[in-house]
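Read off the chains here:
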Amino acid sequence: MARPTTPPTNLATPVWRRPWVGWATALVVVVVFVVAPLYLSVLTNQTIARVGVFAVAVLGLNVVMGYTGQVSLGQIFFVGLGAYVTAYGVTQGWNVVLVFVLACLVPALVGLVVALAAARLGGLAIAMVTIALPIVGVPLAKRLSDVTGGSEGLSTSFAGAPAWSGLADDQWQVYLVLVVGGAAFLLTRSLVRGKYGRAFAIVKGNEAVASSMGISPYRYKVLAFTVASLIGGVSGFLYMVVVQYTSPETLAFNHSIDLVVAMVIGGSASIVGSLLGGAVYILLPQLTSNIDSSLTVLLQGVVLLAVLFVLPGGLVSLPRALTRGRRRSGADRGPVAPPTSPSSTTAAEEPLTERQGHA
Amino acid sequence: MGKFVQLVVDGLSTGSIYGAIALAIVLVNQATGLINFAQGGMAVLSAYVAWELTTHGVPLVLAIIASVVFALLLGAVVERWLIRRFEGGEPDTAVVVTIGLLTLLTGLCGWLWTYNNKQFPSLFPLGTVSVGGVSISIRSIGTTLVIVVAMVLLQVLFVGTKLGLALRAVAINPESAAFSGLRVGRLLMVGWGLAAGLGAVAGALVAPQLTLTPGMLDGPLVYALAAVILGGLSSPVGVVVAAWIIGVLENLAAVYVSFIGFDLKVAVPFVLIFVVLLVRPQGLFGRKTVVRV
């Protein structure tokens, strides 16, 4: 049962947790993503692109909500803002790179201003203030019709495949989403795994402890919210790449709720969870409307509550939950993973002693 | 001048609706320390129950009373079977639970009664009365009065009865309350029930104006949350006053400030919040909270 060839230190790490496995998986995923769009149907490519767009939006939400613990109900507002900035810039004939930069900066700036006020109140005030963003945003977008096109919205198509690439439009768009979204994911991953991520986690865990360590909860909440808004802007830019149309409906309140639902179902405070969240955002409504379109919202609520009850970590924690269950049911099945959380210490005792017996 | 008075009275009436929902939110927050984003959704479901009863020939007043009773039970059931499990955990998770509940309730109403607008009969006649040469709509006066009476009754319950004392004890310190023999769980159910009942009153009163849809109270919920922030979570009186201020101000701003108009008046309370947050972060009437580590 024990593997004598492997050094004892490695016994502590299950196969799927060793570094080379992670890199190999990443490589495989990248290769699949590079090759697949060339062979998939237009519809599938478009779906993948949409999943990517909203995965980025969920990723932004995760920075402020999952990692920093500040419930935000306004993320869709920043997605919509990014989309509007993009649409406006493109119709004005500005350079696409400039448009992209603006689509990031404008939402970030607005997010910064909102957060400066909202983060002053502790606890759930951010949730209560940010709920206003989409509710105010929709009539505002209708009102500023000179810029936003009013209720009709703006439609632009600027992300057609260039002739030299020899790609179809949908393939080009998938690649754009993959590159820009992938960059956003990688940068966010470094952010939340580094010094700032640790500060976010402490602010989430206990604000008093954070302040006693010299970490200003206020400053890090504002920072997290601003980063989330910026990522929302990126998502809005990608939204225009893929959907090519935005209207006040884009930033409606129910979509903001949908984003929160998707984030929690995908997995809060998780990079992979954000990706799953994007898939949930696009695919769950499609799935439920296949059953009965009038049931869509109801089923969404049921799924969310069911996930909160059964799988609080979201879909991303499913493998871990399954292995934990298996470990509990069959402790005599050989060397198994050590506890990933201190809460399962009792489950760890038996395998540990067993391993020592073999060594 | 006549128009001004009319606007103020109408503002007080809508402000009362926001105030009732805000008060329900404060009740729940004091008992369980979380913000119930489904407070409006629960009220909408109750309003649908009242509407369904009226279509079966039940008199409106009875239907509304029945819907309030339904809301009392709904609140208790939600607390016991849904929220209880997440109490004492992370408040963020509990908030997401209430968001899930809001989605669930909206979906349930949409599924059972479709998303089309339903005409809800009004408890008050549509006419106006003339007070000192100013005509004021009866509905506005009636709405305000009913809500004020409901709030006074709640106040009497909280201050003057043994149940109210127990509820306050649980709100202040659940552990101590439990040690002194109070059944905390059951009292929390009562608290949630009362909050939902108050919401149901507000829902039935505002439904004729907004017409009944599953998302009917999403807007008022936002106003109520604004009132909660402005008034401070620890101050029921402050919350109601803030709701009235918001109701009146947004009405006046919609008419007298041409840029705002009726479509953007929802922004008024939030501009107000911005100013208040920068000047007085604990809310207009709230106390500064000191966190013990």
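Residues numbered from 1 in each chain as written. Chains lettered and ligands numbered in written order. Predicted model: local features only at pLDDT ≥ 70, side-chain atom pairs only at ≥ 80, totals over all residues.

## Brief notes about the overall build of chain B
Inference 1: When you go through chain B residue by residue, the secondary structure sums to eleven helices and two strands.
Inference 2: Put simply, chain B runs from its N terminus to its C terminus through helices and strands in the order α-α-α-α-β-β-α-α-α-α-α-α-α.
Inference 3: Here chain B has a C-alpha radius of gyration of 19 Å; the compact-globule value for 293 residues is 19 Å, and the two agree.
Inference 4: Expressed as lengths along the three principal axes of its C-alpha atoms, the size of chain B is roughly 60 × 50 × 35 Å.
Inference 5: Buried residues in chain B amount to 50% of all 293 residues.
Inference 6: In chain B, once contacts between residues fewer than 6 apart in sequence are set aside, the share between residues at least 24 apart is 73%. (Helix = DSSP H or I, 4+ residues; strand = E, 2+ residues; numbered from the N terminus. Rg over C-alpha atoms; globule rule 2.2 N^0.38 Å. Buried ≥ 20, exposed ≤ 12 C-beta atoms within 10 Å, placed from the backbone. Contact = placed C-beta atoms within 7 Å.)

## Quick notes on the overall build of chain A
Inference 1: Each helix and strand counted, chain A has 17 helices and two strands in total.
Inference 2: Out of the 359 residues belonging to chain A, those deemed buried represent 47%.
Inference 3: Contacts in chain A between residues far apart in sequence, at least 24 positions, make up 75% of those at least 6 positions apart.

## Concerning the environment of Gly199 of chain B
Residue and element names in this part refer to chain B.
Inference 1: Assignment of secondary structure puts Gly199 in helix α8 (residues 184-210).
Inference 2: Sequence separation of Gly199 and Ser258 is 59 residues, and the distance between their C-alpha atoms is 33 Å.
Inference 3: For Gly199, the residues in contact, after removing those within four places along its chain, are Ala20, Ile21, Ala24, Gln39, Met42, Ala43 and Ala71.

## What about helix α7 (residues 132-143) of chain A?
Inference 1: In this model α7 of chain A runs 17 Å from its N-terminal to its C-terminal C-alpha over twelve residues, within 8% of the 16 Å that 1.5 Å per residue would give.
Inference 2: When α7 of chain A is considered as a whole, its buried residues turn out to be Ala132, Leu133, Pro134, Ile135, Val136, Gly137, Val138 and Ala141 of chain A.
Inference 3: The inward-facing, buried residues of α7 of chain A contact α4 (75-91), α6 (125-130), α8 (145-148) and α13 (253-266) of chain A together with α9 (218-231) and α11 (267-279) of chain B. (Expected span 1.5 Å × (residues − 1).)

## Description of the packing of helix α9 (residues 169-193) of chain A against helix α12 (residues 217-242) of chain A
All names here are of chain A.
Inference 1: Between α9 and α12, whose axes approach to 10 Å, the crossing angle comes to 170 degrees. Taken together, the axes of α9 and α12 lie roughly antiparallel to each other. Together, Gln173, Leu176, Val177, Val180, Gly181, Ala184, Thr188 and Leu191 of α9 and Val227, Ile231, Val234, Leu238, Val241 and Val242 of α12 make up the contact between the two elements.
Inference 2: Residue composition of the contact of α9 with α12, grouped by class: eleven nonpolar, three polar and no charged. (Axes fitted to C-alpha atoms, helices over the stretch in contact; angles between N-to-C directions. Parallel < 35°, antiparallel > 145°, perpendicular 65-115°, else oblique. Nonpolar A, V, L, I, M, F, W, Y, C, P; charged D, E, K, R; others polar.)

## Focus on the interface of chain A and chain B
Inference 1: Counting residues at the interface gives 36 residues for chain A, matched by 34 residues for chain B.
Inference 2: Contributions of two or more residues to the side of chain A that touches chain B are made by α6, α7, α13 and α15 (296-310) of chain A.
Inference 3: At eight residues, α15 of chain A tops the list of elements feeding residues into the side of chain A that touches chain B.
Inference 4: For the side of chain A that touches chain B, a count of residues per class yields 28 nonpolar, five polar and three charged.

## Comments concerning the pairing of strand β2 (residues 134-137) of chain B
All names here are of chain B.
Inference 1: Bridge analysis of strand β1 (residues 128-131) against β2 gives four bridges, and the strand direction is antiparallel. Among the inter-strand pairings, Thr128 is bridged to a residue of β2, identified as Ser137.
Inference 2: The antiparallel pairing of β1 with β2 creates a hairpin that spans two residues between the two strands, and Gly132 there sits at a positive phi of about 60 degrees. (Pairing = 2+ DSSP bridges.)

## Examining unusual backbone geometry
Inference 1: Non-glycine residue Gln244 of chain A carries a positive phi angle of around 65 degrees.
Inference 2: Tracing the sequence through the fold places Gln244 of chain A in the loop between α12 and β2 (245-246).
Inference 3: Notably, Thr114 of chain B is not glycine yet its phi reads approximately 60 degrees, a positive angle.
Inference 4: Within the secondary structure, Thr114 of chain B is located in the loop between α4 (91-113) and β1.

## What about the environment of Leu45 of chain B?
Inference 1: Residue position: Leu45 of chain B is located in helix α2 (residues 39-55).
Inference 2: Not counting the four nearest positions on each side in its chain, Leu45 of chain B is found in contact with Leu74, Leu105, Leu108 and Cys109 of chain B.

## Some words on the confidence of the model for chain B
Residues and elements named next belong to chain B.
Inference 1: Averaged over every residue, the pLDDT of chain B is 88; the share at 70 or more is 95%.
Inference 2: Here α11 stands out as the element of chain B with the lowest mean pLDDT, 80, in contrast to α2, whose mean of 96 is the highest.
Inference 3: This prediction of the complex comes with two scores: 0.85 for pTM and 0.86 for ipTM. (pLDDT = per-residue confidence, 0-100.)

## Overview of the packing of α15 of chain A against α4 of chain B
Inference 1: Direction vectors running N to C along α15 of chain A and α4 of chain B enclose 155 degrees, while the axes themselves pass 7 Å from each other. Considered as vectors, α15 of chain A and α4 of chain B are oriented roughly antiparallel to each other. Of the two possible hands of crossing, α15 of chain A and α4 of chain B adopt the one that is left-handed. Every residue of α4 of chain B that contacts α15 of chain A at Val297, Leu298, Gln300, Gly301, Val302, Leu304, Leu305 and Leu308 of chain A is listed here: Thr93, Val96, Val97, Gly100, Thr103, Leu104, Thr106, Gly107, Leu108, Gly110 and Trp111 of chain B. (Left-handed = near helix turned anticlockwise from the far one by under 90°.)

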